[in-house]
Amino acid sequence: MKKIINDLTPTVIETFASQLRGRIVLPTDSDYESECQVYNGMIKKHPGMIVKCVDVADVIASVNFGRENNLLTAVRGGGHNGGGLGLCNDGLVIDLSGLKFVRVNVADNTVRVGGGNVWGEVDHATHPFGLAVPAGIISTTGVGGLTLGGGVGHLSRKYGLTIDNLLEADMVLADGSFVTVNASQNSNLFWAIRGGGGNFGILTSFKFQAHPVKTVFGGPTLWPIEKTEEIMEWYHDFLNSAPDELNGFIATMIIPGAPFPEHLHNKQFCGIVWCYSGNMQKTEEIFKPILAKGPLFEHVGEMPYPAIQTLFDGLMPPGLQWYWRADFFTDLGPEIRAQHLKFGSNIPTPLSQMHLYPISGAAGRVGKTDTPWAYQDAKYAGVIVGVDPDPANAEKITHWCKEYWKALHPYSSGGAYSNFLMDEGQERVQKSYKHNYKRLTQIKKKYDPGNFFSVNQNIKPGA
Ligand SMILES: Cc1cc2nc3c(=O)[nH]c(=O)nc-3n(C[C@H](O)[C@H](O)[C@H](O)COP(=O)(O)OP(=O)(O)OC[C@H]3O[C@@H](n4cnc5c(N)ncnc54)[C@H](O)[C@@H]3O)c2cc1C
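### Brief notes about the side chain of N182
For step 1, the next point in the chain: Here N182 lies in strand β9 (residues 178-182).
For step 2, the next point in the chain: The exposure class assigned to N182 is buried, which follows from its relative accessible area of 10%.
For step 3, the next point in the chain: One polar contact links the side chain of N182 to the main-chain amide nitrogen of S184, over a distance of 2.9 Å.
For step 4, the next point in the chain: Not counting the four nearest positions on each side in its chain, N182 is found in contact with L167, E168, S187 and F190.

Shown next, in the form of structure tokens:
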């Protein structure tokens, strides 16, 4: 039975606070409620204490405090997780938002990033050097959570997932010890953190391989929702024979309003958001077959890489209600396409949508046991999100999302990308790691036998 912060004496709390450079936030503090907010407005959790760490020593002290006092302990990076796994009720939250730095090494195109950075900060720092690290599509997402789960985005087909570009990390383990992990040092742990989530410790810094990406050519193309089946069939064939430099995720969606032209507002579409990261002299040739499909609207062009990384930030501010469901898919056969048309024609609120992110090209060529990510052979990581600012619509968006997922799940690969799961139970976690789950449980047993790091897509310590 876990203790709660209220069980601790003021002296215990004061002694802990005196060990920190950062501050602790308690329910009696005036900023407590704002400190309990995460990106998903649907999440309402109230920890007993939030520790705002500013350095590795704070993280070590916090882990020791949580473990010695038997507290339920959550770790918060960017706070974007759909299920609110950066928070817990009553226990301790170790907040990493004060652990930020980005250092670019132009000698070998590597980048060191703090455990609490968000991706927009990394893009900002690498762009002047003409470099980029493959990551997700919204700039406020945390480096920590996204990387630990895998990391899909605009550069996945060219340079692989984020985990495929992780070279090294510094970690605080459950016993409070500090280790560096890479291919030759603590290699088991290094394997586990490339997809296994926050189950093995707290990452205080990451070292990534960056790649030469300065500008990209891309943006959205939209077709009327009635054309969903035709466009999806074409997209599947087209993308799978396209060069790795071309990425495009396909969506069913509504255009909610500005900056899109007025005649598109509040209509349902099948859309593709493209990102070409190859030779800018070839864009006309690459985009010719795309534009020949006659999109109702297109807004593709050359832009700095950070521009495509922030394209949707304004549409998706923090605090909206989000409900998530996900699965991997290997194809987009007729039954699947029919369900996308059906549910894409009945999107309940303007921001609710479905995305299929390609797991092909470089991301698909990684060996099936090279990292815990077990679905290199799936062609798409699919996600359905019910989104709306109004809590009164929470039931409506949740219902649509679950029904859409239920209709598609029988055609899926059986598991989902762990970063797209909410709280769906142990069986789903296990299926999402498939053949790699057992090895993860063994590593968990070695490094966290008491399951101290349990507020995550939890991997139980092996028997
Ligand atoms: C709007 C939006 C867009 C997204 N787009 C993409 C996308 O394009 N591609 C993609 O792959 N994913 C995407 N995601 C999913 C995203 O990867 C997950 O939500 C991820 O968990 C967010 O990480 P975070 O650090 O912000 O979250 P948090 O809520 O802070 O943490 C999530 C989990 O990671 C753990 N964690 C975080 N940092 C650390 C650390 N330094 N050490 C140890 N554990 C840590 C936490 O304990 C928790 O279990 C998106 C999410 C949102 C909300």
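Still more ground to cover, so stick around.
### A closer look at the site of the ligand
For step 1, the next point in the chain: As a matter of local geometry, the ligand sits amid 34 residues, with V75, G77, G79, V152 and Y417 nearest to it.
For step 2, the next point in the chain: Take G115: an N or O atom from its main chain is 3.2 Å from a nitrogen atom of the ligand.
For step 3, the next point in the chain: Note that a nitrogen atom of the ligand is positioned 2.7 Å from one of the backbone N or O atoms of V152.
For step 4, the next point in the chain: Contact with the protein chains covers 97% of the free accessible surface of the ligand, which is 950 Å².
For step 5, the next point in the chain: Mapped by element, the contributors of at least two residues to the shell around the ligand are β3 (73-76), α5 (143-149), β10 (202-209) and β17 (321-329).
For step 6, the next point in the chain: The element best represented in the shell around the ligand is α5, accounting for 4 residues.
For step 7, the next point in the chain: Looking at the shell around the ligand, its residues break down into 16 nonpolar, 17 polar and 1 charged.

### Things to note about the side chain of D448
For step 1, the next point in the chain: Considering the arrangement of structural elements, one finds D448 in the segment after α14 (437-447).
For step 2, the next point in the chain: Since its relative accessible area comes to 2%, D448 is described here as buried.
For step 3, the next point in the chain: Beyond its immediate sequence surroundings of up to four residues, D448 is in contact with A174, N199, F453 and P461.

### Observations concerning the nonpolar core
For step 1, the next point in the chain: Formed by 69 residues in total, the largest nonpolar core has its most connected members in W234, Y235, L246, W274, F287 and F420.
For step 2, the next point in the chain: The contact partners of W234, leaving out residues within four places of it in the chain, are W223, I272, W274, P289, I290 and K293.
For step 3, the next point in the chain: The next biggest cluster of nonpolar side chains, apart from the first, holds 34 residues, and it includes L166, Y437, L440 and I443.

### Quick word on unusual backbone geometry
For step 1, the next point in the chain: For N70, which is not glycine, the phi torsion reads 55° and is therefore positive.
For step 2, the next point in the chain: With respect to the element layout, N70 can be found in the loop between α3 (56-68) and β3.
For step 3, the next point in the chain: Overall, N70 belongs to the partly exposed group, its relative accessible area being 32%.
For step 4, the next point in the chain: The phi torsion at N109 lies on the positive side, around 55°, for a residue other than glycine.
For step 5, the next point in the chain: Looking at where N109 falls in the secondary structure, it is placed in the loop between β5 (102-105) and β6 (110-114).

### Description of the pattern of salt bridges
For step 1, the next point in the chain: All told, the structure shown has 19 salt bridges when counted by the stated rule.
For step 2, the next point in the chain: A salt bridge links D95 to K52; its shortest N-O distance comes to 3.8 Å. Taken as a pair, D95 in strand β4 (residues 92-95) and K52 in strand β2 (residues 49-52) lie far apart in primary sequence, 43 residues in all.

### Overview of the pairing of strand β14 (residues 268-276)
For step 1, the next point in the chain: Taken across its 9 residues, β14 has 8 buried, putting it largely inside the fold.
For step 2, the next point in the chain: Pairing geometry for strand β12 (residues 215-224) and β14, over 8 bridges, is antiparallel. The residue bridging G218 from the neighbouring strand is C275, located in β14.

### Describing the sheet that holds strand β1 (residues 23-25)
For step 1, the next point in the chain: Spatially, the 4 strands line up as an open sheet ordered β1-β2-β4-β3, and their pairing is mixed. Either end of the sheet is taken by a strand with one partner, and the two such strands are β1 and β3. Taking the axes of each pair of neighbouring strands and ignoring which way they run, one obtains an average angle of 20° across the sheet.
For step 2, the next point in the chain: As judged from the 3 bridges shared by β1 and β2, these two strands associate in the antiparallel manner. Paired with V25 across the bridge in β2 is I50.
For step 3, the next point in the chain: Running over the sheet, α3 touches β2, β3 and β4 and is turned about 165° from β4.

### Considering the sheet that holds β5
For step 1, the next point in the chain: In space, the 5 strands of this open sheet follow the order β5-β6-β10-β8-β9, with antiparallel pairing throughout. In this open sheet, the two edge strands, each paired with only one partner strand, are β5 and β9. Ignoring strand direction, the axes of neighbouring strands in this sheet form an average angle of 15°.
For step 2, the next point in the chain: Pairing analysis gives 4 bridges linking β5 to β6, with the strands arranged antiparallel. Residue V104 lies in a different strand from β6, and its bridge partner there is V111.
For step 3, the next point in the chain: With respect to the sheet, helix α4 (residues 119-126) is in contact with β5, β6 and β10, its orientation differing from that of β5 by roughly 35°.

### Considering the packing of helix α11 (residues 334-344) against helix α12 (residues 394-408)
For step 1, the next point in the chain: Interaxial distance between α11 and α12 falls to 9 Å at its minimum, and their mutual angle equals 165°. As the angle between them shows, α11 and α12 are arranged roughly antiparallel. The element α11 and its partner α12 pack so that their crossing is right-handed. Contacts from I336, Q339, H340, F343 and G344 of α11 reach α12 at W400, E403, Y404, A407 and L408.
For step 2, the next point in the chain: Its residues assigned to classes, the contact of α11 with α12 shows 6 nonpolar, 3 polar and 1 charged.

### Quick look at the packing of helix α8 (residues 228-240) against α11
For step 1, the next point in the chain: Running from N to C, α8 and α11 point in directions that differ by 135°, and their axes come no closer than 9 Å. With respect to α11, the axis of α8 lies oblique. With respect to the hand of their crossing, α8 and α11 are arranged in right-handed fashion. Where α8 approaches α11, its residues T228, E229, M232 and E233 are matched on the opposing element by R337, A338, H340 and L341.
For step 2, the next point in the chain: Considering only residue class, the contact of α8 with α11 consists of 3 nonpolar, 2 polar and 3 charged.

The rules behind these values
Residues numbered from 1 in each chain as written. Predicted model: local features only at pLDDT ≥ 70, side-chain atom pairs only at ≥ 80, totals over all residues. Heavy atoms only, no water. Helix = DSSP H or I, 4+ residues; strand = E, 2+ residues; numbered from the N terminus. Buried < 20%, exposed > 50% of the residue type's maximum accessible area, 1.4 Å probe, protein only. Polar contact = N/O pair within 3.5 Å; in protein donor to acceptor, adjacent residues only side chain to side chain. Contact = heavy atoms within 4.5 Å. Near = heavy atom within 4 Å. Areas by Shrake-Rupley, 256 points an atom, 1.4 Å probe, with all protein chains shown as cover. Nonpolar A, V, L, I, M, F, W, Y, C, P; charged D, E, K, R; others polar. Core = buried A, V, L, I, M, F, W, Y, C linked by side-chain atoms within 4.5 Å. Salt bridge = Lys/Arg side-chain N within 4 Å of Asp/Glu carboxyl O. Pairing = 2+ DSSP bridges. Axes fitted to C-alpha atoms, helices over the stretch in contact; angles between N-to-C directions. Parallel < 35°, antiparallel > 145°, perpendicular 65-115°, else oblique. Left-handed = near helix turned anticlockwise from the far one by under 90°.

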